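Secondary and tertiary structure notes
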Amino acid sequence: MADISKEITQALASSERPESESSRDANRKPDQILSLIDIKPGMRVLDLTAGGGYYTDILSRVVGEKGHVFSHNSPYVINRFPDFLNNPKQGWLPRFESKQWKTNVSKLTGELDTIPIPLQLDSAMMILFYHDMIWQGVNRQMMNQHIYNALKPGGSFLIIDHQAKDGTKLQDVKTLHRIDKQSVISELTAVGFKLEKDSNLLSHPEDARDYPFYSDKVKQRDQTDRMVLKFVKPVE
């Protein structure tokens, strides 16, 4: 396991974080996840499909005033979950007016395959949404190529998603909201990415992978069997 930096430790310990997010840390393991992709002060990071901003907020605190976070949500997410994203206490949209986010967070909205992605990124991440892009008809080849082009050589692209049973490919992306790991690896490596780490940080072998993450079979939030894949843009 990679060493946890003081910046990551301090970010997670911030009293400004909402309890609804900090209470999920034990299962989501953001300290180890961000250490895996070596997030440091001064970095430029893209948080794709950021949802309510769980990772955006942590990243903002880690990269600091000399770094920058680009926080994105697609029209589907914005239109599908307006109450969640506009929650005055911790919604994604109101948080752009917070003291923390005003220091180093920019808002991005648009379709995943056509949004103008900032260049010279150190890292990008997509948490629990890659499977959704498939049934929503996103051009993943185009999106992945844009991300590859936007990253600096050596930059990383982290994907975390609910795992489907091996060999099921894309058949469960809409019904179970799961995807076969090898399908993700194949699509990313096809545009030039190299798989650097296939981590078991969020592995749950007890998960039969035959139900969606919101099923009553899930005894506790954030305990589906999840792939954690770190891809890198090779240094030429």
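Further up the page is the structure itself.
Summary of the structure given here. (Residues numbered from 1 in each chain as written. Predicted model: local features only at pLDDT ≥ 70, side-chain atom pairs only at ≥ 80, totals over all residues. Heavy atoms only, no water.)

Glancing now at the packing of helix α1 (residues 6-13) against helix α5 (residues 54-63). Running from amino to carboxyl end, α1 crosses α5 at an angle of 135 degrees, the nearest separation of the two axes being 8 Å. Between α1 and α5, the interaxial angle falls into the category oblique. Judged by the twist between their axes, the crossing of α1 over α5 is right-handed. Where α1 abuts α5, its residues E7, I8, A11 and L12 lie against I58, R61 and V62. Here the residues of the contact of α1 with α5 sort into 5 nonpolar, no polar and 2 charged. (Axes fitted to C-alpha atoms, helices over the stretch in contact; angles between N-to-C directions. Helix = DSSP H or I, 4+ residues; strand = E, 2+ residues; numbered from the N terminus. Parallel < 35°, antiparallel > 145°, perpendicular 65-115°, else oblique. Left-handed = near helix turned anticlockwise from the far one by under 90°. Contact = heavy atoms within 4.5 Å. Nonpolar A, V, L, I, M, F, W, Y, C, P; charged D, E, K, R; others polar.)

Scanning the entire structure with this criterion turns up 8 aromatic pairs. On the basis of an interplanar angle of 80 degrees and a centroid distance of 5.2 Å, the ring pair of F213 and Y214 is categorised as edge-to-face. Residue F213 is classed as partly exposed on the basis of its relative accessible area of 38%. Y214 sits in the exposed class, given a relative accessible area of 53%. Ring-pair connections join several aromatic residues into one group, and the members of that group are Y148, F157, F193 and F231. Over the face of the ring belonging to Y54 we find R28, whose NZ or CZ atom lies 4.3 Å from the ring centre. It is R178 that lies over the ring of Y211; its NZ or CZ is 5.0 Å from the centre. (Phe/Tyr/Trp six-rings, centres within 6.5 Å; stacked < 30°, edge-to-face > 60°. Buried < 20%, exposed > 50% of the residue type's maximum accessible area, 1.4 Å probe, protein only. Lys NZ or Arg CZ within 6 Å of the ring centre and 35° of its normal.)

If you trace the 7 strands from one edge of the open sheet to the other, you get β3-β2-β1-β4-β5-β7-β6, paired in mixed fashion. Here the strands that pair on one side only, and so sit at the sheet edges, are β3 (105-109) and β6 (194-199). Between one strand axis and the next, the sheet turns by 20 degrees as a mean value, whatever way the strands run. Bridge count for strand β2 (residues 68-73) against β3 is 5 bridges, and the pairing is parallel. Bridging from a neighbouring strand, F70 pairs with S106 of β3. Against the sheet, α5 contacts β1 (44-48), β2, β3 and β4 (121-127), and its axis sits at roughly 170 degrees relative to β2. Of the strands in this sheet, β5 (151-162), β6 and β7 (226-232) touch helix α12 (residues 181-189), which is tilted by about 15 degrees from β7. (Pairing = 2+ DSSP bridges.)

Attention now moves to the side chain of H72. For H72, the position within the fold is in strand β2. Looking at H72, its side chain comes within polar contact range of the main-chain nitrogen of T49, at 3.1 Å. If we skip the residues at most four places from it in the chain, H72 touches D47, L48, T49, A50, W92, L108, T109, G110, L112 and I115. (Polar contact = N/O pair within 3.5 Å; in protein donor to acceptor, adjacent residues only side chain to side chain.)

What follows concerns the pattern of salt bridges. The final tally for this structure, using the stated rule, is 16 salt bridges. Across the pair R209 and D166 runs a salt bridge whose closest N-O atoms are separated by 3.4 Å. Separated by 43 residues along the polypeptide, R209 in the loop between β6 and β7 and D166 in the loop between β5 and α12 bring together distant segments of the chain. Here the residues in one salt-bridge network are E16, E21, D57, R61 and R95, joined through shared partners. (Salt bridge = Lys/Arg side-chain N within 4 Å of Asp/Glu carboxyl O.)

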